[in-house]
Amino acid sequence: MSALLRRAAVASFSLILIACSTPPAKPGLPANGCVGGVLPPPAGMSAAQNPELLAKAVGEPGKGGLCEGAVYRQDAAAGVVVYRVWDSAKPNSRLGRWWSFSQPQGPVAQYQAANAICPAWSQLNSVVRCQLKAGVQVAVGPGQSADCAPDPDFPPSPVNQVYVPNTSPDDILVENCEDQGTFPPAM
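Owing to the predicted nature of the structure, the values given are computational and were not obtained by experimental measurement. (Residues numbered from 1 in each chain as written. Predicted model: local features only at pLDDT ≥ 70, side-chain atom pairs only at ≥ 80, totals over all residues. Heavy atoms only, no water.)

Draft legend 1. Region of interest: the side chain of Ser157. Looking at the secondary structure, you find Ser157 in strand β7 (residues 157-163). Reaching out from Ser157, the side chain makes a polar contact with the backbone oxygen of Ala114 at a distance of 2.3 Å. Sequence-distant contacts of Ser157, defined by excluding residues within four places in its chain, comprise Val35, Ala114, Asn115, Pro142 and Gly143. (Helix = DSSP H or I, 4+ residues; strand = E, 2+ residues; numbered from the N terminus. Polar contact = N/O pair within 3.5 Å; in protein donor to acceptor, adjacent residues only side chain to side chain. Contact = heavy atoms within 4.5 Å.)

Draft legend 2. Broad picture of the pattern of salt bridges. Throughout the structure, instances matching the rule amount to two salt bridges. One salt bridge in this structure joins Asp75 and Arg73, with 2.8 Å as the shortest N-O distance. With relative accessibility at 35%, the residue Arg73 sits in the partly exposed group. The residue Asp179 makes a salt bridge to Arg94 at a minimum N-O spacing of 3.0 Å. Of this pair, Asp179 sits in strand β8 (residues 174-182) while Arg94 sits in the loop between β3 (81-86) and β4 (98-99); the two residues are 85 residues apart in sequence, bridging distant segments of the chain. When its relative accessible area of 22% is taken as the criterion, Arg94 is described as partly exposed. (Salt bridge = Lys/Arg side-chain N within 4 Å of Asp/Glu carboxyl O. Buried < 20%, exposed > 50% of the residue type's maximum accessible area, 1.4 Å probe, protein only.)

Draft legend 3. Fine view of unusual backbone geometry. The linkage connecting Ala149 with the following residue, Pro150, adopts the cis geometry, with an omega of 10°. With respect to the helices and strands, Pro150 occurs in the loop between β6 (137-143) and β7. Of the consecutive residues Phe183 and Pro184, the connecting peptide bond is found in the cis state with omega at -10°. Its place among the elements puts Pro184 in the segment after β8. Positioned with a positive phi, Ala116 is a non-glycine residue whose angle comes to about 50°. Tracing the backbone through its elements, the reader meets Ala116 in the loop between α3 (108-115) and β5 (126-132). Here the phi dihedral of Asn176 falls at roughly 50°; this positive angle occurs in a residue that is not glycine. With respect to the element layout, Asn176 can be found in strand β8.

The following block contains the structure:
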């Protein structure tokens, strides 16, 4: 076999190996599997660089969290409003890590699907409204998929979520909180 034919055979074999080792994207989804995109920062916030915070917020497929995201910093003196739907049977979860810039809408099953929240993770029966403290950094982006067995799984979601790195009762990064009542609100 000539040197030229040998090189062509090796090049073809290499391309076959690369093609076979790259997992195919799901039809209709971008290569990273995310849908939607990261919303621009709301008024009073600006883009920031914080790879550690973003790494905490972005989850692996099937584990929830953000599918992709950006970090924003609260710049304005008056904090940007965030909302959290939480489980009133777990009072310590009231000021947890996952929030939204938008006032939540029901029904519960629709909200769970839109935000890829497994039913076993939270009953989602109460709403709290807070403001971000000055200087706080948050991660924002569309939701990652969630494997919810034995309940149905949720695919990646285009709905943007806000990861606020509240870590303990002594390190809460929201303020001026007001309970908004039950979720979904009674009609």
